[in-house]
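For reference, the chains in residue letters:
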Amino acid sequence: MNRKYLTSQEVADAFNVSIKTLSNHRALGTGLPFIKVEGIIRYPKDQVEAYIESKIVGGTKHGA
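Residues numbered from 1 in each chain as written. Predicted model: local features only at pLDDT ≥ 70, side-chain atom pairs only at ≥ 80, totals over all residues. Heavy atoms only, no water.

A few words now on the sheet that holds strand S1 (residues 5-6). An order of S1-S3-S2 is seen for the 3 strands of this open sheet, with the pairing classed as antiparallel. Of all strands in the sheet, those with a lone pairing partner are S1 and strand S2 (35-37), marking the two edges. In the sheet, S1 pairs with strand S3 (residues 40-44) via 2 bridges, with the strands oriented antiparallel. The partner of Leu 6 across the bridge, within S3, is Tyr 43. (Pairing = 2+ DSSP bridges. Helix = DSSP H or I, 4+ residues; strand = E, 2+ residues; numbered from the N terminus.)

Structure (structure tokens):
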């Protein structure tokens, strides 16, 4: 089964930011989409990947 959600640590590592930075973005409403179940934060993997793709500058986007 493919994992559909990423942990805060995985997202922080991918963007080279701290978990606190992700928390601040969530609090400000400026962060990535996330779900919170019983206090546990998870980020939908497909939406994180789409966000990354949307930030590609120059050249040709993958698959184009």
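What follows picks up the thread again.
Okay, the nonpolar core next. Within soluble globular proteins, side chains that are nonpolar tend to cluster in buried spots. Of all hydrophobic cores here, the largest spans 8 residues; its members are Leu 6, Val 11, Ala 12, Leu 22, Leu 32, Ile 41, Tyr 43 and Val 48. Of all the secondary-structure elements, those providing two or more residues to this core are helix H1 (8-15) and S3. Beyond its immediate stretch of four places on either side in the chain, Ile 41 contacts Leu 6, Ser 8, Arg 26, Phe 34, Ile 35 and Lys 36. (Core = buried A, V, L, I, M, F, W, Y, C linked by side-chain atoms within 4.5 Å. Buried < 20%, exposed > 50% of the residue type's maximum accessible area, 1.4 Å probe, protein only. Contact = heavy atoms within 4.5 Å.)

A contiguous nonpolar surface patch, about 250 Å² in accessible area, is contributed by Tyr 5, Ile 35 and Val 37. Judged by its relative accessible area of 32%, Ile 35 is partly exposed. (Patch = residues over 30% accessible without salt bridge, like charges linked within 9 Å, V, L, I, M, F, W, Y side chains within 5 Å. Areas by Shrake-Rupley, 256 points an atom, 1.4 Å probe, with all protein chains shown as cover. Salt bridge = Lys/Arg side-chain N within 4 Å of Asp/Glu carboxyl O.)

What follows deals with the packing of aromatic side chains. The description of an aromatic ring pair rests on the distance of the ring centres and on the angle between the ring planes. In this structure the tally under the stated criterion is 2 aromatic pairs. Above the face of the Phe 34 ring, Arg 26 is positioned so that its terminal group lies 5.6 Å from the ring centre. (Phe/Tyr/Trp six-rings, centres within 6.5 Å; stacked < 30°, edge-to-face > 60°. Lys NZ or Arg CZ within 6 Å of the ring centre and 35° of its normal.)

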